[in-house]
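# Structural features, examined
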Amino acid sequence: MPETSTPNTVPPAQRPHELDRADGTTSTVIVAIAVVASLYAGRDIFVPIALAILLTFVLAPAVRRLQALRIARPAAVLIVVVLAIGVIGAIGGIVAMQVTELAGNLPRYQTTIREKVQTVRGATAGHGAIERAADLLQDLGQELRGKSDKATTAPAAQYPSAEPPPPPRPEPPKPIPVETHPPEPGPVRALLDLIEPVVHPLATAGLIVIFVVFILLQREDLRNRMIRLAGSNDIQRTTAAIDDAAHRLSRLFLVQLGLNTSFAIVITIGLWLIGLPSPALWGILAGVMRFVPYIGAFLSAVFPLTLALAVDPGWSMLLWTAALYVIVEPLVGHVLEPLLFGKTTGLSPVAVVISAAFWTWLWGPIGLLLATPLTICLVVLGRHVDRLEFLEVMFGSTPALSPQEVFYQRMLASDPLEAADQAEPVLAEKGVAAYYDDVALPGLEMAQADVARGALDFGRVETIRDAAAELVSDLTDAGAAARPAADATSGDAAKTPDATPVSSPRDRFSEAWRGDAPVLCIPGRSPLDEAAARMLAHVLSDSGLPTRVEPAGSLTTARLFHLDPAGVALVCLSYLDTSSPGHMRYAVKRLRRRFPEARVMMGAWGMREEESDRREVVKQTVAADIFVTSIAEAAQLAVEEATSRAPAEREVPADKPRARAAAALAARAVPVK
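Rules behind the numbers
Residues numbered from 1 in each chain as written. Predicted model: local features only at pLDDT ≥ 70, side-chain atom pairs only at ≥ 80, totals over all residues. Heavy atoms only, no water. UniProt positions renumbered as here; feature names shortened; annotations may be inferred. Helix = DSSP H or I, 4+ residues; strand = E, 2+ residues; numbered from the N terminus. Buried < 20%, exposed > 50% of the residue type's maximum accessible area, 1.4 Å probe, protein only. Contact = heavy atoms within 4.5 Å. Areas by Shrake-Rupley, 256 points an atom, 1.4 Å probe, with all protein chains shown as cover. Phe/Tyr/Trp six-rings, centres within 6.5 Å; stacked < 30°, edge-to-face > 60°. Lys NZ or Arg CZ within 6 Å of the ring centre and 35° of its normal. Pairing = 2+ DSSP bridges. Right-handed = clockwise from strand over helix to strand, strands pointing away. Expected span 1.5 Å × (residues − 1). Arc of directions from axis to C-beta. Core = buried A, V, L, I, M, F, W, Y, C linked by side-chain atoms within 4.5 Å. Salt bridge = Lys/Arg side-chain N within 4 Å of Asp/Glu carboxyl O.

As annotated in an unreviewed UniProt entry, the protein carries the name AI-2E family transporter and is attributed to Alsobacter ponti. The heading Sequence similarities (unreviewed entry) in the UniProt record of the protein holds the text "Belongs to the autoinducer-2 exporter (AI-2E) (TC 2.A.86) family."

Encoded structure:
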């Protein structure tokens with residue numbers, strides 16, 4: 001019996017690579033889960049360390065300033081830490097005084113709120129269909145309950161029975177409840193019960209102070225140890241990561257601290273002018289809550305608005321308080337913060353929201369305050385560590401895809417409208433030729449690379465070609481619509497002093513270039529070359545050279561024979577795939593036979609990033625009249641050819657004396673079937 005073998009569904013060459021990728025992903029997930037679990041389990045230690053590190057970034061500049069004044073580091077650290085503790089203690093004292101004053105007035109505020117609620121009820125009582133319907137349902141419910149009670153109290157009268165009812169069963173004796181009371185606590189236990197709620201915050205504060213002092217004193221030693229742990233073989237990258245994180249976090253904290261302090265002062269003064277009790281308390285609360293992204297300032301407005309509702313018998317204080325927050329917060333958040341921060345954080349808005357939710361779940365309210373700085377550290381880590389690059393992609397403010405990749409993806413999705421929207425900034429700044437050279441052509445080169453490795457079928461290639469053609473059409477229409485407006489603004493300059501219009505731009509071209517379509521663009525091989533040819537035609541048409549574009553496959557003998565050479569002064573070949581210079585040279589020869597009076601331009605768009613030596617070799621091999629690698633260069637040289645003179649008669653090589661006769665007979669040649 002012959003042996004049978006099961007064919008492998010996956011090529012053996014691909015298995016190790018896929019297994020390595022799967023192992024790497026699995027190990028990354030396991031490490032991430034372990035890190036998150038450790039952060040959650042050890043939050044009592046990690047939270048003080050994180051707070052201490054953040055305070056260190058705020059206090060380190062002050063320590064450096066004191067050291068610059070010839071003060072020893074231990075003394076400078078001690079001075080700065082004592083001053084920071086004093087400032088925090090003073091703020092805490094102000095908050096305690098304000099809270100005590102507010103607590104004493106709460107009964108009076110409660111009476112005001114009750115009176116205001118009764119006033120609102122009295123103004124709306126008995127009005128509206130909803131209130132009348134509610135009263136009706138309430139009366140109906142009471143009547144139904146009354147009838148039900150009557151029915152259950154006299155069942156014997158409604159249903160008389162000949163047999164007497166059974167005697168009631170004796171109820172079992174109820175157990176006597178037994179209560180145990182702990183002994184009265186002694187003075188020591190009472191003292192411990194009083195101190196216990198305060199011990200944990202005091203211990204956390206003490207740990208934070210110790211960590212801050214230690215980090216400030218040993219800053220350089222800790223930096224060197226981190227470099228050693230990260231790997232001394234790549235000191236440059238580790239140093240760059242540390243400097244990047246330190247610069248971003250220091251600038252972020254200092255600017256945000258100053259901005260939030262100013263916000264707190266403005267809110268305090270505004271509430272004091274309005275007449276709201278305890279304005280300093282609400283100002284400090286607003287400054288602290290502004291560290292919470294997006295919603296912190298509005299959450300801090302809830303308590304002042306409630307207090308304004310309770311204090312003022314009318315509504316004016318409530319409205320003024322709401323107006324204060326509505327005006328000041330957008331002014332700070334949307335005007336001052338973008339000017340001061342710019343791109344300091346490097347976080348996307350979605351990352352800020354996700355990080356706030358994650359760190360709040362992990363560490364509670366402290367995690368909400370630390371969410372932004374901790375996420376910045378993760379983004380910096382992802383920027384400098386290859387295995388953690390996904391962190392920067394997920395949370396960083398840098399676009400996930402480059403403009404070239406976005407163009408390619410939109411062409412694949414057949415969505416030229418979004419591509420046109422994204423092209424507007426480049427068009428406004430640099431022009432359409434720069435957009436094609438810097439964005440569109442590199443995107444088409446990505447598609448050509450996918451075709452070369454077999455990842456893109458012919459149907460998707462045609463989709464890209466059609467989407468690119470629609471994009472070029474949209475950009476052409478947009479340019480044509482903008483051109484009359486520009487001409488209208490300079491209409492007086494377009495006329496001579498005797499009111500005679502200036503000649504058309506095409507009048508500066510030689511006679512051979514004034515036809516209906518003096519430029520002919522022919523794709524080299526694929527529909528992608530046709531898309532690039534349409535982009536070139538757009539730029540040439542904007543330069544005053546009407547251009548006609550032939551579809552892909554026009555270089556075949558049958559199609560080339562049907563092309564009319566009359567009025568063609570320049571033939572532009574479009575190639576994205578420049579891996580075969582022989583094919584390009586053969587195409588140039590065929591075009592010279594068909595268009596003997598025209599110049600031939602070779603657009604090798606795929607060689608813009610190639611070395612100059614290889615470009616020169618390909619240029620000599622192709623032997624075209626004009627060799628270009630960018631659309632802007634092609635448009636410039638085409639205009640120079642059109643304005644210089646009529647196309648010169650091409651020289652005949654000495655080793656081919658009958659080349660001219662062959663070129664003359666090429667126009668009357670019959671295609672070979």
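## Things to note about the overall build of the protein
The helix and strand tally for the protein stands at 25 helices and five strands. In the protein, buried positions account for 33% of the 673 residues. Counted over contacts in the protein with a minimum sequence separation of 6, partners at least 24 positions apart contribute 74%. Carbon and sulfur atoms form 64% of the exposed surface of the protein, whose accessible area is close to 41,400 Å².

## Let's talk about the packing of aromatic side chains
As enumerated under the stated definition, the model contains six aromatic pairs in all. Judged by centre distance (6.3 Å) and plane angle (5°), the rings of Trp-282 and Phe-303 are stacked. With Trp-282 in helix α9 (residues 279-289) and Phe-303 in helix α11 (residues 302-311), the pair connects residues that are 21 residues apart, well separated along the chain. Three or more aromatic residues link up through ring pairs in this structure, and these residues are Tyr-40, Phe-358, Trp-359, Trp-361 and Trp-363. Here the basic side chain of Arg-43 rests over the ring of Tyr-40, its NZ or CZ set 4.4 Å away from the ring centre.

## Structural notes on the UniProt feature "transmembrane region" (unreviewed entry) in the protein
As recorded in UniProt, the sites labelled "transmembrane region" (unreviewed entry) are residues 45-63, 75-99, 198-217, 252-274, 280-305, 317-336 and 356-381. Annotated as residues 252-274, this span is 100% helix and 0% strand, and its ends, taken at the C-alpha atoms, are 32 Å apart.

## Thoughts on the pairing of strand β4 (residues 599-604)
With five of six residues buried, β4 lies mostly within the body of the structure. As judged from the six bridges shared by strand β3 (residues 570-575) and β4, these two strands associate in the parallel manner. Opposite Cys-572, over in β4, you have Met-601 as the bridge partner. In this fold, β3 hands off to helix α22 (residues 581-594), which returns the chain to β4; that crossover is right-handed. Direction of pairing for β4 relative to strand β5 (residues 626-628): parallel, over a ladder of three bridges. From the neighbouring strand, Met-601 faces β5, where its bridge partner is Ile-626.

## Points about α22
Compared with the 20 Å implied by 1.5 Å per residue over 14 residues, the 20 Å span of α22 between its first and last C-alpha is a close match. Every buried residue of α22 is accounted for by Met-584, Ala-587, Val-588, Arg-590, Leu-591 and Arg-594. An end-on view of α22 places all buried positions within 165° of arc, on one side of the element.

## With respect to the nonpolar core
One finds Tyr-436, Leu-444 and Met-535 to be the most contacted residues of the largest nonpolar core, which totals 52 residues. With residues near it in sequence (within four places) discarded, Leu-444 still touches Phe-407, Ile-464, Leu-528, Ala-531, Ala-532, Met-535 and Leu-576.

## Remarks on the pattern of salt bridges
For the structure shown, the criterion picks out twelve salt bridges. In this structure, Glu-530 and Arg-465 form a salt bridge, with 3.0 Å as the shortest nitrogen-oxygen distance. You can see Glu-530 sitting in helix α20 (residues 527-542) and its partner Arg-465 sitting in helix α19 (residues 458-489), a full 65 residues away along the chain. There is no split in this pair, since Glu-530 and Arg-465 are both buried. Measuring nitrogen to oxygen at the nearest pair gives 3.1 Å for the salt bridge that ties Arg-592 to Asp-625. Within this pair, whereas Arg-592 is found in helix α22, its partner Asp-625 is found in the loop between α23 (612-622) and β5, the two being separated by 33 residues in sequence. Accessibility expressed as a relative area gives 24% for Asp-625, which makes it partly exposed. A network of salt bridges, in which partner residues are shared, links Glu-462, Arg-465, Asp-466, Glu-530 and Arg-534.

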